[in-house]
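Notes for the structure review
Below, each chain spelled out in residue letters.
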Amino acid sequence: MHKVDPAEHASAPIPMSLIFLGAFLVHAPLLLMKLPLHSYDTNFHIFFASHYAQHWFDPWNTKWYAGFSQTTYPPLPQQWMALISHFTGLDLAYMLVQFVAILLLALGVFRFSRLWVDRRAASYAAAASVLLGSEAFLVYSAGQLSTTVAAPLYLNSLPYFYNWLRGRSWRSLLKGCGLALAAAAAHHATLLFGSLLFAVPVFALAALDLHNSGRGATRGLLFRTGLAAVLVAIGIAAVLLPFWIALIHYQVTQEPIPHPSRANYILSPQWGLNYFVVPYGLLILALPYIFWRGATMTRLRPLLPAFWVAFLLGLGGTTPVARLLLGRAFEVLTMERFTYWATLLALPFVGLLAEELIDRFHTKAAIGLTLAAGLSCAVAVAWANYRPADAGDVKVDSVAAWLNRDGHDRYRYVTLGFGNQIARLAVLTDASSVDGEWNSGRMLPELTEHGAGALTSSKYFGEGGLDALTAILQHADRYGLKWVFVRDPYYEPLLVFAGWRRVDDLESRTIAVWSRDGVPPATPINSPQMPPHWQGLLWGILPIGCSVLAVLLLLIPERRFAERTAPQPSYVDRDLVLGRLT
């Protein structure tokens, strides 16, 4: 009987169906356990989605900051959550959208990697994306749904743009534009700062391939590039028109708010562990190989500078690069998203490394690589539980019930010591607050002048945080602020000094309700930031519409072209590289 050599199986690409099955087995149980609910931003996205579920064409949300516009944040993932929530509820809708993003990432990494390496190495890269430490970190610890939705859409769009730049199909141009518009509608930071990191290497690769094929028509390449850029720019301007209006007319001028991802990871090793070691995992061991292959393989050279820039930006304040390149944006952005993009740009290299190792060490390499990837993912998931981001022991149901009875919701409120559970509370009550978690959407001067984040965590922002809290308490009459829910006794002397008194207790006296006499009921604030009705119509139609359009465009059959084969190093070269690295 003929014995099947395991190496024969290892020499074949991993089917995408098997990769999707792996993603299901790894992430579906974690999502069904609702692990992301304990991350930093998950409840923020659920809060936005809850507003769209009730007020689809009205982006003005009165539950935070006495009123703010949700046009300051691209809405696509939250709008899909809102639609699905009518059948599943908000929590499960979040998990479903996040799971689709994970599947799209695996497909996007495979298609993006095929531009640089052969099909087998690309399949290894896609399989690695399922267990990527940075993906697990963003999903289960950071809760950055929009980032993890936008990046896969961009990755899936770039091969279509590559085909268009090579002078092929108009169908590819339309499909690439559709996916790029959907990605822009999902996240603004990925659009403004991440898209170029992925797009510029693809343009350089298309130019390189045209030159090598003897069809190096520079003028034609520049025309196709310009046409694609103009179409995408016009589409993004239209789809996100209310966002651009808000960004231009009501620029964020608040004092910078500190964030640990901008720290120096050498001087603050605890943040280096959180924002570098955990997201990269054992991918750190592949860094020498990435630089080696990026420098020695002509085809991979355009990809290496993009990875290097994203890698340096992800280091935050460890080097001066991030501050020099980003300028004022350095004080606004959080740097973990650059680490995420760097790991995505590294995956084609990782797939090539896996291919070389398996060719040389066969089953041992396959097992070792699987264990290394699994360990990286497991550490990132466990880290979210070891250092939970939210105040998970805060029970806000009783607070919501208290606000919803006896006319208490006629006044505004603020919480102290609730962490990011304030978003969960806002979902459960109709009462309005002067606090919130979307710093770029707030316009109250008491909040923008002191360089502090959410009032509920004022003490962690030092003097600026306490000054902001004091200012808002002093102006309670102006905003109809009558209730303060206190879970941290640290704030009680400040409340007493400001003339507030304790009137009730909740959750076995672990939450105190404070009030101030003589405060009039809250009234709507006539804010110039309130979007007119026509902007609400555009916001409710165009972002979700462009995602539907992208799906329809993808159904158009693509013309078949002779498949490009990325030139690979010979086995002698591979052994030489591995030997030198060893």
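Residues numbered from 1 in each chain as written. Predicted model: local features only at pLDDT ≥ 70, side-chain atom pairs only at ≥ 80, totals over all residues. Heavy atoms only, no water.

1. Let's talk about the overall build of the protein
For clarity, the cut-off: Only runs of H or I of at least four residues qualify as helices and only runs of E of at least two qualify as strands under DSSP, and these elements are numbered from the N terminus. For this measure, only C-alpha atoms enter the radius of gyration; the expected value for a globule follows 2.2 Å times N^0.38, where N is the number of residues. Only protein chains enter the accessibility calculation, which uses a 1.4 Å probe; a residue whose area is less than 20% of its type maximum is buried, one above 50% is exposed, and one in between is partly exposed. Positive residues here are Lys and Arg, negative ones are Asp and Glu, while His and the chain termini are left out of the count. Here the site of a charge means NZ on Lys, CZ on Arg, CG on Asp, or CD on Glu.
When its secondary structure is counted, the protein shows 26 helices and six strands. Over its C-alpha atoms the protein spans a radius of gyration of 25 Å, differing by no more than 12% from the 25 Å that the globule rule assigns to 582 residues. Along the three orthogonal principal directions, the C-alpha set of the protein runs to about 85 × 50 × 45 Å. Across the 582 residues that make up the protein, the buried fraction comes to 57%. Here the protein carries 43 positive and 37 negative side-chain charges, and the mean point of each set is 10 Å from the other.

2. Description of a nonpolar patch on the surface
The condition that has to hold: Patch membership requires more than 30% relative accessible area and the absence of a salt bridge. Residues of like charge join within 9 Å; the nonpolar side chains Val, Leu, Ile, Met, Phe, Trp and Tyr join within 5 Å. Only the protein chains shown count as cover for residues, and the accessible areas themselves come from Shrake-Rupley with a 1.4 Å probe. Counted as salt bridges are all cases of a side-chain nitrogen of Lys or Arg within 4 Å of a carboxyl oxygen of Asp or Glu.
A contiguous nonpolar patch, built from Trp80, Leu83, Val548, Leu552 and Leu555 and spanning about 460 Å² of accessible area, is present on the exposed surface. At the level of secondary structure, the elements contributing two or more residues to the nonpolar patch comprise helix 4 (76–88) and helix 25 (533–554). Tracing the chain through its elements places Val548 in helix 25. Residue Val548 is classed as partly exposed on the basis of its relative accessible area of 38%.

3. Thoughts on the environment of His27
Here is the rule: Pairing of N or O atoms within 3.5 Å defines a polar contact, subject to two protein rules: one partner must be a possible hydrogen donor and the other a possible acceptor, and residues neighboring in sequence count only if both atoms are side-chain atoms.
Topologically, His27 is positioned in helix 2 (residues 16–32). On the basis of relative accessible area, His27 is assigned to the buried category, the value being 1%. C-alpha of His27 to C-alpha of Tyr340: the two residues are 313 residues apart in sequence and 18 Å apart in space. A polar contact of 2.8 Å, which involves the side chain of His27, links it to the side chain of Tyr140.

4. Some details on the packing of aromatic side chains
Rules: In summary, the pairing rule links any two rings of Phe, Tyr or Trp, Trp by its six-membered ring, whose centres are within 6.5 Å, and it sorts them by plane angle into stacked for under 30 degrees, edge-to-face for over 60 and tilted for everything else. Criterion for a charge above a ring: Lys NZ or Arg CZ within 6 Å of the ring centre, and within 35 degrees of the ring normal.
By the definition in use, this model includes 34 aromatic pairs. Judged by centre distance (5.9 Å) and plane angle (80°), the ring pair of Tyr65 and Phe68 falls under edge-to-face. Each member of the pair Tyr65 and Phe68 is classed as buried. Of the aromatic side chains, those joined through ring pairs into one cluster are Phe44, Phe47, Phe48, Trp64, Tyr65, Phe68, Tyr73 and Trp438. In this structure, Arg111 packs its charged tip against the face of Tyr160, placed 4.3 Å from the ring centre. The side chain of Lys482 reaches across the aromatic face of Tyr411, ending 5.4 Å from its centre.

5. Brief notes about the confidence of the model for the protein
For the record, the criterion: A score between 0 and 100, pLDDT records how confident the predictor is in each residue. In what follows, a contact means two residues having at least one pair of non-hydrogen atoms within 4.5 Å.
Confidence along the protein averages 90 in pLDDT terms, with 93% of residues attaining 70 or more. Confidence drops under pLDDT 50 across residues 561–565; counting only partners more than four residues distant or on other chains, this segment forms twelve contacts. Counting contacts from residues 567–582, a segment whose pLDDT is below 50, to residues more than four positions away or on other chains yields 29 contacts.

6. Section: the sheet that holds strand 5 (residues 501–506)
Rules: Pairing between two strands is assigned when DSSP locates at least 2 bridges connecting them. Axes here mean lines fitted to C-alpha atoms, for a helix over just the part in contact, with angles spanning 0 to 180 degrees between N-to-C directions.
Strand order in the open sheet formed by four strands is 3-4-6-5, with mixed pairing between adjacent strands. Edge positions in the sheet fall to strand 3 (412–416) and strand 5, since each of these pairs with one other strand and no more. Each adjacent strand pair in this sheet contributes to an overall mean axis angle of 25°, direction not counted.

7. Description of empty space enclosed by the protein
Just so we agree on the cut-off: Points on a 1 Å grid over protein atoms alone make up a cavity when a 1.4 Å probe fits among them but cannot get out, and a pocket when they form an open set with protein on both sides within 12 Å along at least five of seven lines; lining residues each have an atom within 4 Å of a point. Grid points are joined across faces, edges and corners, and a volume is the space filled by probe spheres set on the points. Each residue receives one of three labels: charged for Asp, Glu, Lys and Arg, nonpolar for Ala, Val, Leu, Ile, Met, Phe, Trp, Tyr, Cys and Pro, and polar for the others, Gly being one of them.
Scanning all chains against the criterion turns up one cavity of 30 Å³ or more. Looking at the largest cavity, the residues that line it are Trp64, Tyr413, Thr415, Ile422, Ser433, Asp435 and Gly436. Of the residues assigned to the lining of the largest cavity, the class counts are three nonpolar, three polar and one charged.

8. Focus: the side chain of Gln529
With respect to the helices and strands, Gln529 occurs in the loop between strand 6 (511–515) and helix 25. Within polar-contact distance, the side chain of Gln529 engages the side chain of Ser527 at 2.3 Å. Leave out the neighbours within four places in its chain, and Gln529 touches Trp60, Ser69, Tyr250 and Met443.

9. Overview of the nonpolar core
So the rule is basically this: Remark: nonpolar core denotes a set of buried residues (Ala, Val, Leu, Ile, Met, Phe, Trp, Tyr, Cys) joined through side-chain atoms within 4.5 Å.
The biggest cluster of nonpolar side chains holds 185 residues, and the ones touching the most others in it are Trp64, Phe112, Leu344 and Phe485. For this core, the element with the most residues is helix 17 (residues 336–361), which contributes 15 residues. For Phe485, the residues in contact, after removing those within four places along its chain, are Val399, Trp402, Leu403, Tyr413, Val414, Thr415, Leu416, Phe418, Leu506, Ile511, Ala512 and Val513.

10. With respect to the packing of helix 8 (residues 145–165) against helix 9 (residues 170–186)
Just so we agree on the cut-off: Reported orientations rely on four angle classes, namely roughly parallel under 35 degrees, roughly antiparallel over 145, roughly perpendicular from 65 to 115, and oblique for the rest. Helix crossings fall into two classes, left-handed where the near helix is turned counterclockwise from the far one by less than a right angle and right-handed where it is turned clockwise.
Helix 9 packs onto helix 8 with a crossing angle of 165° between their chain directions and a minimal axis gap of 8 Å. Taken together, the axis directions place helix 8 and helix 9 in an arrangement best described as roughly antiparallel. You can see that helix 8 and helix 9 cross each other, and the crossing is left-handed. On the side of helix 8, the interface is formed by Ser146, Val149, Ala150, Leu153, Tyr154, Asn156, Ser157, Tyr160, Phe161, Asn163 and Trp164, while helix 9 contributes Trp170, Ser172, Leu173, Lys175, Gly176, Cys177, Leu179, Ala180, Ala182, Ala183, Ala184 and Ala186.

11. Remarks on helix 17
Side chains of residues three or four places apart in an α-helix project in the same direction, reflecting 3.6 residues per turn. Our working definition: In this scheme, the bend at a residue equals the angle between the axes fitted to the seven residues that finish there and the seven that begin there.
Along its length, helix 17 reaches its greatest deviation from straightness, about 40°, at Leu347, and the proline Pro348 lies no more than four positions downstream. The element helix 17 is extensively covered by neighbouring structure, given that 24 of its 26 residues are classed as buried. Phi turns positive one or two residues past the end of helix 17, at His362, with a value near 55°.

12. A look at unusual backbone geometry
What you tend to see is this: most non-glycine residues have negative phi, and most peptide bonds are trans. Positive phi, normally seen in glycine, also occurs at His362, with a value near 55°. Here His362 lies in the loop between helix 17 and helix 18 (363–386). Residue classification places His362 among the partly exposed positions, given a relative accessible area of 38%.

13. What to know about the pairing of strand 6
In terms of residue burial, strand 6 counts as a mostly covered element, since five of its five residues are buried. Going residue by residue along strand 6, you find Ile511, Val513 and Ser515 tucked away on one face and Ala512 and Trp514 tucked away on the opposite face as well. Across four bridges, the pairing between strand 4 (residues 481–486) and strand 6 is antiparallel. Residue pairing for strand 6: Trp483 is matched across the bridge by Ser515. Relative to strand 6, strand 5 is paired through five bridges, and the arrangement is antiparallel. In the strand pairing of strand 6, Asp504 is matched with Val513. The antiparallel pairing of strand 5 with strand 6 creates a hairpin that spans four residues between the two strands, and Glu507 there sits at a positive phi of about 50°.

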